[in-house]
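Each chain, letter by letter, is given below.
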Amino acid sequence: MPRIPAVAPSDAGPLVKIGYRMARKQLGEVPEPFAVLANHRKLFVASARHELAVEKATKVMPPGLIQLAVYRTAWTIGCSWCVDFGEMRMRLDALDIERLKHIADFESSPAFTDADRAVIRLSDAMTSTPMTVTDEQIAALDKTYGHAGVLELTYQIALENQRARMNHALDITDQGFNSGDSCRVPWADDQELSTRA
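Fair warning: this is a prediction, and the values are worked out from it, not measured in the lab.

> Hey, could you run me through the packing of helix α6 (residues 114-127) against helix α7 (residues 135-169) in this one?
When two helices pack together, their arrangement is given by the angle between the helix axes and the distance between those axes. Where α6 meets α7, the closest approach of the two axes is 9 Å, and the angle between their N-to-C directions is 50°. When the interaxial angle is binned, α6 and α7 end up oblique. Helix-helix and strand crossings are classified by hand; for α6 and α7 the assignment is right-handed. Packed against α6, whose contacting residues are A115, A118, V119, R121, L122, S123, A125, M126 and T127, the element α7 presents Q137, I138, L141, Y145, L153, T154, I157, A158, N161 and R165 at the interface. Looking at the contact of α6 with α7 residue by residue, the class counts come to twelve nonpolar, five polar and two charged.

What follows is the structure in structure tokens.
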């Protein structure tokens, strides 16, 4: 259970209920971080708007590379919710999730390309404390993807650092998005509440 409880549909206001419906329609279930954030309506709305805007704005970098960098960030921080959700997104986008089993050995594994390795290295450099990003890393990525591509990549890695660290701090753990099991949300066992949102 998270350190701050999720807001059940029966306790949600009209705006949160609309957000829950949209999330359930898009993902099949309400993401638990979303339901926990519903305790603060203004942050809930700000976060939802921001996530949608970032998704619409990220169009230069290949989506598979963005998702790989985001996954590596979550994996490094140890956010099981983000890892679970990231695997689901990659699977739904028909990306190879089997190679994620070799993410720890990305430097030597044939499952990863040079482009993959470059974005993973940037993710690692941005996620470490202190950060270890080099001029050479940015210059090499800029040469391949341009300023806009580098900005998308660094923005997405920074955003995943925020998400993963918040989820980890609040003890929000994997929800079963990638396993095919029923998603674990606090009200999932209560059919009446589950159908209200």
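> Quick question: what am I supposed to make of the environment of D93 here?
With respect to the helices, strands and loops of the structure, D93 is situated in the loop between α5 (80-92) and α6. Sequence separation between D93 and G64 is 29 residues, and the spatial gap between their C-alpha atoms is 8.3 Å.

> Sorry if this is basic, but what is going on with the packing of aromatic side chains here?
Ring pairs (aromatic) are described by centroid distance and by the angle formed between their planes. A complete count under the given rule lists six aromatic pairs for this structure. Measuring from centroid to centroid gives 6.4 Å for Y20 and F44, while their planes differ by 70°, and the two rings are edge-to-face. Residue Y20 is located in helix α1 (residues 14-27), and its partner F44 is located in helix α3 (residues 41-57); the two are separated by 24 residues in the primary sequence. There is no split in this pair, since Y20 and F44 are both buried. Seen in terms of ring centroids, W81 and F85 are 4.9 Å apart; in terms of plane orientation they differ by 15°. Their pairing is stacked. Pair noted here: W81 and F85 are both in helix α5, with a separation of four residues, about one helical turn. Judged by relative accessible area, W81 falls into the buried class, the value being 7%. Following the ring pairs from residue to residue traces out a cluster consisting of Y20, F34 and F44.

Thresholds, definitions, all that
Counting starts from 1 at the beginning of each chain's written sequence and moves along it residue by residue. Per-residue local features of the predicted model are confined to residues with pLDDT of at least 70, and side-chain atom pairs are confined, for both listing and counting, to 80 or more; whole-chain, interface and lining totals are unaffected and use all residues. Only heavy atoms go into the side-chain values, all of them from the structure, while hydrogens and water stay out. Axes, fitted as lines to C-alpha atoms, cover a helix only where it is in contact. Angles between the N-to-C directions of the axes lie from 0 to 180 degrees. Comment: elements are numbered from the N terminus, with helices defined as DSSP H or I runs of at least four residues and strands as E runs of at least two. Here the word oblique covers every angle except those under 35 degrees (roughly parallel), over 145 (roughly antiparallel) and from 65 to 115 (roughly perpendicular). The handedness criterion is simple: a crossing whose near helix is rotated anticlockwise from the far helix by less than a right angle is left-handed, and one whose near helix is rotated clockwise is right-handed. Contacts between residues were defined by any pair of non-hydrogen atoms, one from each residue, lying within 4.5 Å. Under the convention adopted here, Pro, Cys and the residues Ala, Val, Leu, Ile, Met, Phe, Trp and Tyr are nonpolar, Asp, Glu, Lys and Arg are charged, and Gly plus all remaining residues are polar. Stacked, edge-to-face and tilted labels apply to pairs of Phe, Tyr and Trp rings (six-membered ring for Trp) whose centres lie within 6.5 Å, assigned for plane angles under 30 degrees, over 60, and everything in between, in that order. Burial classification: accessible surface area is computed with a 1.4 Å probe over protein chains only, and a residue below 20% of its type maximum counts as buried, one above 50% as exposed, and the rest as partly exposed.

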